[in-house]
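Observations on the three-dimensional arrangement
Below are the chains, spelled out letter by letter.
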Amino acid sequence: MEEMKKFPNVFEEKKGRNTFYFIRTNDKKSFFEERVISKKGELFREVDPERSKLFASIAKGISQLGIKQDSKVLYLGASHGYTVSFLADVVCDGEIYALDFAPRVVRDLVFLCEDKKNVAPILDDANHPENYKEIVPMVDVVFMDIAQREQTKIFLKNCDMYLKEGGFGILALKARSIDVTRNPKDIFRITRSQLDVVMNVVDYRELAPFEQDHAVFVCKRKSSEPIDFLNIPSIVVDQKKNFLPRKEFSKPSFRKRY
Ligand SMILES: C[S@@+](CC[C@H](N)C(=O)[O-])C[C@H]1O[C@@H](n2cnc3c(N)ncnc32)[C@H](O)[C@@H]1O
């Protein structure tokens, strides 16, 4: 098992054609029924890239995420805390502000935070970043995974308000939440052009086969000047066609390195 140089506390283990990912941890506990193993006196939790877009982007070879061991992270769309629980080990000297608007999942987050002391759960709507300005400071990283039609604008609103100059914004984008009828590659191309207006997109990965029709964009904030939203082109959505059924894709039967 080897530590991945660009990602602190993230390890990979290659076995034949398969690659497994582990996060160094201080917890003996398994939070989501993941494997916890001990090697040379250290503990590691296995993370599944099929359950986490952040770690799927690592498995797909993303070159940088800008996440350091002492980073402060605003995490939008935390859900039950699967990815947050691993990210809390990655940024073991940092902090995570983990937000979701669904009370049911935030309840699980609150339980997680009893063990992960560097995570603060927040019940709020990412579309209203002004709501949590009393709680969230300026951060090194804004990560968003909310699968909403207006996800890019919501992401930029949060970067505008909370991301330090030179900080990293990471957007996990679900193309079919924006328009189910359109080729996801078109959505990714337009999203990139939207982000390019105000951020430097430093890397981008499509996440198949871990997550179909998803991509992760890694952006760096150009300056601390307020973002001019009027310059950002919109994605035009065909409302009438928007109820076509989603095409089913088969998942890989074994884990591969891509
Ligand atoms: C795909 S799940 C996130 C999974 C999670 N990132 C992980 O890897 O474990 C999307 C989450 O975004 C939340 N969400 C959607 N729109 C939101 C909004 N406007 N504000 C806050 N949370 C939102 C949903 O409640 C849901 O829990």
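Structure: see above.
Residues numbered from 1 in each chain as written. Predicted model: local features only at pLDDT ≥ 70, side-chain atom pairs only at ≥ 80, totals over all residues.

Attention now goes to the site of the ligand. Around the ligand sit 18 residues in total, of which Gly77, Ser79, Tyr82, Thr83 and Ala126 are the nearest. Taken together, the elements giving at least two residues each to the shell around the ligand come down to helix 2 (82-90) and strand 7 (95-100). The class makeup of the residues in the shell around the ligand is eight nonpolar, six polar and four charged. (Near = placed C-beta within 6 Å. Helix = DSSP H or I, 4+ residues; strand = E, 2+ residues; numbered from the N terminus. Nonpolar A, V, L, I, M, F, W, Y, C, P; charged D, E, K, R; others polar.)

With that settled, the discussion passes to the sheet that holds strand 8 (residues 119-123). Reading across the sheet, the seven strands line up as 8-7-6-9-10-12-11 and stay open at both edges, with mixed pairing between neighbours. Across the chains shown, the open sheet's two edge strands, defined by having one partner strand only, are strand 8 and strand 11 (199-206). Taking each pair of neighbouring strands and ignoring which way they run, the sheet shows an average axis angle of 15°. Bridging between strand 10 (residues 163-174) and strand 12 (residues 214-221) involves seven bridges; their strand directions are antiparallel. Bridging across to strand 12, Gly169 finds its partner in Cys219. (Pairing = 2+ DSSP bridges. Axes fitted to C-alpha atoms, helices over the stretch in contact; angles between N-to-C directions.)

Among the five residues that make up strand 6 (residues 72-76), five are buried, leaving the element largely enclosed by the rest of the structure. One ladder, built from five bridges, connects strand 6 with strand 7; its direction is parallel. Bridge pairing links Tyr75 to Ala98 in strand 7. Following the backbone out of strand 6, through helix 2 and into the adjacent parallel strand 7, one traces a crossover that is right-handed. Relative to strand 9 (residues 139-144), strand 6 is paired through four bridges, and the arrangement is parallel. Residue Tyr75 lies in a different strand from strand 9, and its bridge partner there is Phe143. (Buried ≥ 20, exposed ≤ 12 C-beta atoms within 10 Å, placed from the backbone. Right-handed = clockwise from strand over helix to strand, strands pointing away.)

Before going further, it helps to spend a moment on the pairing of strand 8. For strand 7 and strand 8, the ladder comprises five bridges, and the chain directions are parallel. Within the sheet, the bridge partner assigned to Asp100 lies in strand 8 and is Leu123. Note on the crossover from strand 7 through helix 3 (residues 103-115) to strand 8: the handedness is right-handed.

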